[in-house]
Amino acid sequence: MDPNRPRRLSGNRGYRPIVAVNPQQPPCPRETELRDSETWVVVPLYNEAAVIARVLKGLRRRFANVVVVDDGSADDSVEAARPHATWLLRHLVNRGQGAALQTGTAFALARGARRIAHFDADGQHDVRDLERMVERVADGACDIALGNRFADRGSNVPAGRRLLLKSAVLFHRVCSGIELSDVHNGLRVFSREAAERLEITADRMAHASELIDLIARSGLRVEEIPVHIRYDEYSREKGQRWTGGFRILFHYLVGRILD
Amino acid sequence: MTPFQWILVSSFAALAALATVAVVAGRLGRVAGLCWVAAFVVGGLAAIEPDRVTTVANALGIHRGADLLLYLLVLAVFWGFLLVYVRLRRVRRELTVLVRHVAILEAEQGGSDPTRTDASTAESPSHH
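Per chain, residue numbering runs from 1 following the sequence as it is written. Chains and ligands are labelled by the order in which they are written, letters from A for the one and numbers from 1 for the other. The predicted nature of this model means local features are confined to residues of pLDDT at least 70 and side-chain atom pairs, given and counted, to a pLDDT of 80 or more, with totals for whole chains, interfaces and linings taken over all residues. Heavy atoms from the whole structure form the basis of all side-chain values; hydrogens and water molecules are not counted.

1. A few points about the overall build of chain A
Comment: elements are numbered from the N terminus, with helices defined as DSSP H or I runs of at least four residues and strands as E runs of at least two. A tally of regular secondary structure across chain A gives nine helices and seven strands. Across the 259 residues of chain A, 55% fall into the buried class. Residue burial considers only the protein chains on display, and all accessible areas are found by Shrake-Rupley using a 1.4 Å probe. A total of about 11300 Å² of accessible surface is found on chain A, and carbon and sulfur atoms cover 50% of it. The buried label applies to any residue whose accessible area, calculated with a 1.4 Å probe on protein chains only, is under 20% of its type's maximum; exposed applies above 50%, and partly exposed to all values in between.

Structure follows, in structure tokens:
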């Protein structure tokens, strides 16, 4: 067998191998020049002018369809994102991250996306992790791939954040009956069928908890993939605090009672 | 009756009349309308004969009729807050649907992908 022959990744319908790779080696996104046109990456954007261009550049190297949903940013985020986004959608008024994700998802589904990915705009996520997650969904190994920062030793999760996130994990283990290790990770990949079935109605940050509930009830196959979360000064300032955690809990519980 | 009792009774009567008109006009459901009218009638009676309220309060284990009215008022206020909150959530959700609709209608294509310098730069997004 010619080792230089282009290698077809089994069941990986969204990738188009362009250069040859050694078939003896496992598929590694770093070594293969791939550009996925069937996975639509939804990036909810809110006041991230400082980092959004870098985030989108990284995504566009690997994904042909990057949908940026600006959620009423008050800074220059839209101007910074416009040259690098495939599609730019704008909420006229701020409706929250959950609403932005659902807007991007609805748009991508209407345009025929085979898979939908969620990717945060603050630069915490790694595109290579997203590629690995997409590959699992594209291969049919699962319907939903969720990022798990606690399985990655490189993710230096601050102690306070770790406690907050682990509390959320425990909460969902009891309330939703689903055993996951990281329930508030913004890096997710859904098959088309999964994205159609899981509609986010929690507009603000409680959408992550709502999604876990919906996933638990859906019977869809879920897999957690180790991902690296970058904790730098910028992301630490932007990240959720305990007060935010309590607000999310309040909105989540109210939503469960009233909706 | 004292002048204040007249004011209270007149107010309750007017409210009961408004609720009745709302039911007749179809702006308020029959059950809800009946509840409102009953509440206003009870309020009017309590204004006319406050001693009866004390009797009812004593029967419920509350010392004063005024305390019973206070407790009922607190309950009514909380119930009102809940109704307003539920309605506010519904309006917010409708606003989100509207904002989403406009965002999708006015979706704009981004730049020409400056990160690419090879042949795939010319690739357009897949429209299915």
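Read on for the rest.
2. Topic: the layout of surface pockets
Residue and element names in this part refer to chain B. Throughout, the protein atoms alone are placed on a 1 Å grid, and a set of points is a cavity if a 1.4 Å probe fits but cannot get out or a pocket if it is open with protein on both sides within 12 Å along at least five of seven lines; lining residues have an atom within 4 Å of a point. Grid points are joined across faces, edges and corners, and a volume is the space filled by probe spheres set on the points. Computed from the structure, the second largest pocket encloses a volume of approximately 1100 Å³. Residue lining of the second largest pocket: 32 residues in total, with Ala-39, Val-42, Gly-43, Leu-69 and Leu-72 positioned closest to the centre. For the lining of the second largest pocket, the elements supplying multiple residues, two or more each, are helix 1 (3-24), helix 2 (30-48), helix 3 (50-59) and helix 4 (65-105). The greatest single-element share of the lining of the second largest pocket, amounting to twelve residues, is contributed by helix 4. Taken together, the residues of the lining of the second largest pocket break down into 25 nonpolar, five polar and two charged. For this classification, the nonpolar set comprises Ala, Val, Leu, Ile, Met, Phe, Trp, Tyr, Cys and Pro, the charged set comprises Asp, Glu, Lys and Arg, and every other residue, Gly included, is treated as polar.

3. Quick word on a nonpolar patch on the surface
Only residues whose relative accessible area exceeds 30% and that take part in no salt bridge are eligible for patches, with like-charged residues grouped when within 9 Å of each other and nonpolar side chains (Val, Leu, Ile, Met, Phe, Trp, Tyr) grouped when within 5 Å. Whenever Lys or Arg places a side-chain nitrogen within 4 Å of a carboxyl oxygen from Asp or Glu, that contact is recorded as a salt bridge. Together, Leu-163, Trp-242, Phe-246, Leu-249, Leu-253, Ile-257 and Leu-258 of chain A together with Trp-79, Leu-82 and Leu-83 of chain B make up an exposed nonpolar region whose accessible area comes to about 990 Å². Elements with a contribution of two residues or more to the nonpolar patch: helix 9 (242-258) of chain A together with helix 4 of chain B.

4. Focus on empty space enclosed by the protein
Residue and element names in this part refer to chain A. The full count for this structure, using the stated rule, is two cavities of 30 Å³ or more. The space that makes up the largest cavity amounts to roughly 50 Å³. What lines the largest cavity is simply Gln-102, Thr-105, His-118, Phe-190, Ala-195, Leu-198, Ile-200 and Leu-211. In terms of residue class, the lining of the largest cavity is made up of five nonpolar, three polar and no charged. Its boundaries defined by the atoms lining it, the second largest cavity holds a volume of some 30 Å³. If you go around the second largest cavity, the residues you meet are Leu-146, Gly-147, Asp-182, Val-183, His-184, Asn-185, Arg-188 and Ile-212.

5. Remarks on the packing of aromatic side chains
Only Phe, Tyr and Trp rings are paired, with Trp represented by its six-membered ring, and only when their centres lie within 6.5 Å; those with planes under 30 degrees apart are stacked, over 60 edge-to-face, the remainder tilted. Summed over all chains, the structure comprises five aromatic pairs over all chains. Pairwise contacts between aromatic rings join Trp-40, Trp-87 and Phe-107 of chain A into one cluster.

6. Concerning the pattern of salt bridges
Applying the stated criterion to the full structure yields 15 salt bridges over all chains. The salt bridge involving Glu-38 of chain A is made with Arg-114 of chain A; its shortest N-O contact spans 3.7 Å. Within this pair, whereas Glu-38 of chain A is found in strand 1 (residues 36-45), its partner Arg-114 of chain A is found in the loop between helix 3 (97-110) and strand 4 (115-118), the two being separated by 76 residues in sequence. Using a relative accessible area of 15% as the deciding quantity, one classes Glu-38 of chain A as buried. Using a relative accessible area of 34% as the deciding quantity, one classes Arg-114 of chain A as partly exposed. For Asp-67 of chain B, the salt bridge identified is with Arg-64 of chain B, shortest N-O distance 3.2 Å. The exposure class assigned to Asp-67 of chain B is buried, which follows from its relative accessible area of 19%.

7. Looking at the nonpolar core
All names here are of chain A. Formed by 33 residues in total, the largest nonpolar core has its most connected members in Val-41, Val-43, Leu-56, Leu-59, Val-68, Phe-119 and Leu-130. Secondary-structure elements contributing two or more residues to this core are strand 1, helix 1 (52-62), strand 2 (63-70), helix 2 (77-81) and helix 4 (127-138). Should any heavy atoms of two residues lie within 4.5 Å, those residues are counted as being in contact. Non-local contacts of Val-41, meaning those with residues more than four positions away in its chain, are made with Leu-59, Phe-63, Asn-65, Val-66, Val-67, Ala-117, Phe-119 and Leu-130. What we call a nonpolar core is a set of buried Ala, Val, Leu, Ile, Met, Phe, Trp, Tyr and Cys residues that are connected through their side-chain atoms within 4.5 Å. Counting residues in each nonpolar core, the second largest holds 31 residues, with Leu-101, Phe-107, Leu-109 and Ile-178 among its members.

8. Thoughts on the interface of chain A and chain B
Contact with chain A, which involves 38 residues of that partner, is made by 29 residues of chain B. In total, chain A and chain B occlude about 3000 Å² of area from one another, counting both sides; carbon and sulfur atoms represent 54% of this. Taken together, the links from chain A to chain B amount to one salt bridge. Here Arg-82 of chain A and Glu-108 of chain B are joined by a salt bridge, their closest N and O atoms 2.9 Å apart. What qualifies as a polar contact is a pair of N or O atoms within 3.5 Å, subject to a donor-acceptor requirement within protein and to the restriction that residues adjacent in sequence count only when both atoms come from side chains. Taken together, chain A and chain B are joined by nine residue pairs in polar contact (both at pLDDT 80 or more). Every element with two or more residues in the side of chain A that touches chain B is listed here: strand 1, helix 1, strand 2, strand 3 (87-90), helix 3 and helix 9 of chain A. Considered class by class, the residues forming the side of chain A that touches chain B number 15 nonpolar, eleven polar and twelve charged. Here strand 3 of chain A runs beside strand 1 (residues 108-109) of chain B; their pairing, made up of two bridges, is antiparallel. The residue bridging Trp-87 of chain A from the neighbouring strand is Gln-109 of chain B, located in strand 1 of chain B. Summed over both partners, buried area is the accessible surface (1.4 Å probe) that two parts give up on being assembled. The pairing criterion for strands is at least two bridges between them, as found by DSSP.

9. Overview of helix 4 of chain B
Expected span, for any helix, means 1.5 Å times one less than how many residues it has. The end-to-end C-alpha separation of helix 4 of chain B is 60 Å, in line with the 60 Å expected for 41 residues at 1.5 Å each. Within the sequence span of helix 4 of chain B, burial applies to Gly-65, Asp-67, Leu-68, Arg-89, Thr-96, Val-99, Arg-100 and Ala-103 of chain B. Looking at the buried side of helix 4 of chain B, the elements it contacts are strand 3, helix 3 and helix 9 of chain A together with helix 3 of chain B.

10. Observations regarding the side chain of Gln-5 of chain B
All names here are of chain B. Checked against the element boundaries, Gln-5 lands in helix 1. Among the polar contacts made by the side chain of Gln-5, one reaches the main-chain carbonyl oxygen of Ala-47 at a distance of 2.7 Å. In this view, Gln-5 contacts Ala-47, Ile-48 and Pro-50; residues no more than four positions away in its chain are not counted.

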